[in-house]
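Residues per chain, in single letters:
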Amino acid sequence: MSDFLTIAMPKGRIFEEAADLLREAGFPLPPEFDDSRKLIVDAPEANMRFILAKPMDVPTYVEHGVADLGVAGKDTMIEEERDVYEVLDLHISACYMAVASLPGYQKTDINPKVASKYPHLAAQYFKEQGEQVEIIKLNGSIELAPMVGLADRIVDIVSTGQTLKENGLVELETIVPITSRLIVNPVSYRIKDKQIDEVVERLAKVVEEE
Ligand code: PRP
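Residues numbered from 1 in each chain as written. Predicted model: local features only at pLDDT ≥ 70, side-chain atom pairs only at ≥ 80, totals over all residues. Heavy atoms only, no water.

K.L.:
Help me understand the overall build of the protein, please; the structure alone is not making it clear to me.
P.N.:
Across its full length, the protein holds nine helices and 11 strands. Dimensions of the protein, computed from C-alpha atoms along their principal axes, come out at roughly 60 × 30 × 30 Å. Here the protein, with 210 residues, has 45% of them falling under the buried criterion. Of the contacts made within the protein by residues no fewer than 6 positions apart, 67% connect residues no fewer than 24 positions apart. As displayed, the protein offers around 11,300 Å² of accessible surface, 49% of which is attributable to carbon and sulfur atoms. (Helix = DSSP H or I, 4+ residues; strand = E, 2+ residues; numbered from the N terminus. Buried < 20%, exposed > 50% of the residue type's maximum accessible area, 1.4 Å probe, protein only. Contact = heavy atoms within 4.5 Å. Areas by Shrake-Rupley, 256 points an atom, 1.4 Å probe, with all protein chains shown as cover.)

In structure tokens, the structure reads:
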């Protein structure tokens, strides 16, 4: 147990739930963990170091081995195939990917446009539906696109549904349910297997109990 583990955590709305889960699993995390603007936080008592990254970037840190473990949304895992192991569904930050539009949207064959932060996932979905669409990649505030006429439909995460509602959009189809996953770098798993297994087992126990 000499080596510490480096864990990539997603900043933002998933962070708190993931931190709670780690604490419930008995890993003592420093208080500064929650409020700090620091991007690297050491938790010596837990034998851990945390990298606080943009959610979409967590799999990149883990794939390149600078983090042994990471907490990543299933959305990011579907969007970009990565050479990492997905070892545990943490059952946190549950939401789903959906297609939405302004009310009364009717399918058209003339150059239909779909805006999304998840261009690959969206392209794959419409391909499976046998529909040809142009995908427009945006980095956030996707709901704007139909409102200003950039696209007819969007593919985006729906959590409470509040953002769609407040912007007068309606859901057309559900694509896939999303939760956060624990991911592991394959080389780390070989070298630090005992330590990693312990983290996985302790988290799995908490997840099961909830
Ligand atoms: C996400 C998503 C929706 C919203 C859904 O955006 O893209 O816009 O949350 O949540 P709701 O159903 O609870 O309203 P996020 O807040 O992560 O920011 P973004 O728009 O910049 O991607």
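From this point, the narrative continues.
K.L.:
What is the right way to look at the pattern of salt bridges in this model?
P.N.:
Side chains that carry opposite charge are capable of pairing whenever their charged atoms lie near each other. Under the criterion given, the structure shown has 10 salt bridges. Salt-bridge contacts for R181 lead to D89; the nearest nitrogen and oxygen are separated by 3.7 Å. Here D89 lies in strand β5 (residues 85–89) and R181 lies in strand β11 (residues 180–184), a separation of 92 residues in the sequence. One salt bridge in this structure joins E131 and K107, with 3.8 Å as the shortest N-O distance. (Salt bridge = Lys/Arg side-chain N within 4 Å of Asp/Glu carboxyl O.)

K.L.:
Whenever I open this one, the UniProt feature "domain: ATP phosphoribosyltransferase catalytic" (unreviewed entry) in the protein confuses me. Can you help?
P.N.:
As annotated in UniProt, the feature "domain: ATP phosphoribosyltransferase catalytic" (unreviewed entry) corresponds to residues 54–204 in the numbering used here. Taken end to end, residues 54–204 is 33% helix and 30% strand, and its two terminal C-alpha atoms sit 24 Å from one another. (UniProt positions renumbered as here; feature names shortened; annotations may be inferred.)

K.L.:
What exactly am I supposed to notice about unusual backbone geometry here?
P.N.:
Peptide bonds are, in most cases, trans, and in most cases residues other than glycine have a negative phi. Phi is positive for H91, close to 55°, though the residue is something other than glycine. Summarising the element assignment, H91 is placed in the loop between β5 and β6 (95–101). Judged by relative accessible area, which is 56%, H91 ranks as exposed. In this model, S93 sits at a positive phi of 55°, which is unusual for a non-glycine residue. Considering the arrangement of structural elements, one finds S93 in the loop between β5 and β6.

K.L.:
In this structure, what is going on with the nonpolar core? I would like to understand it.
P.N.:
A general trend in soluble globular proteins is that nonpolar side chains are found buried together. Counting 34 residues, the largest nonpolar core has M9, F33, F50, L90 and L203 as the members making the most contacts within it. Of all the secondary-structure elements, those providing two or more residues to this core are β1 (5–10), α1 (15–24), β2 (40–43), β3 (48–53), β4 (69–73), β11 and α9 (193–209). Discounting residues that sit within four places of it in the chain, L203 has contacts with L21, L22, A25, L88, L90 and L182. The next biggest cluster of nonpolar side chains, apart from the first, holds 11 residues, and it includes V99, L121, A122 and I178. (Core = buried A, V, L, I, M, F, W, Y, C linked by side-chain atoms within 4.5 Å.)

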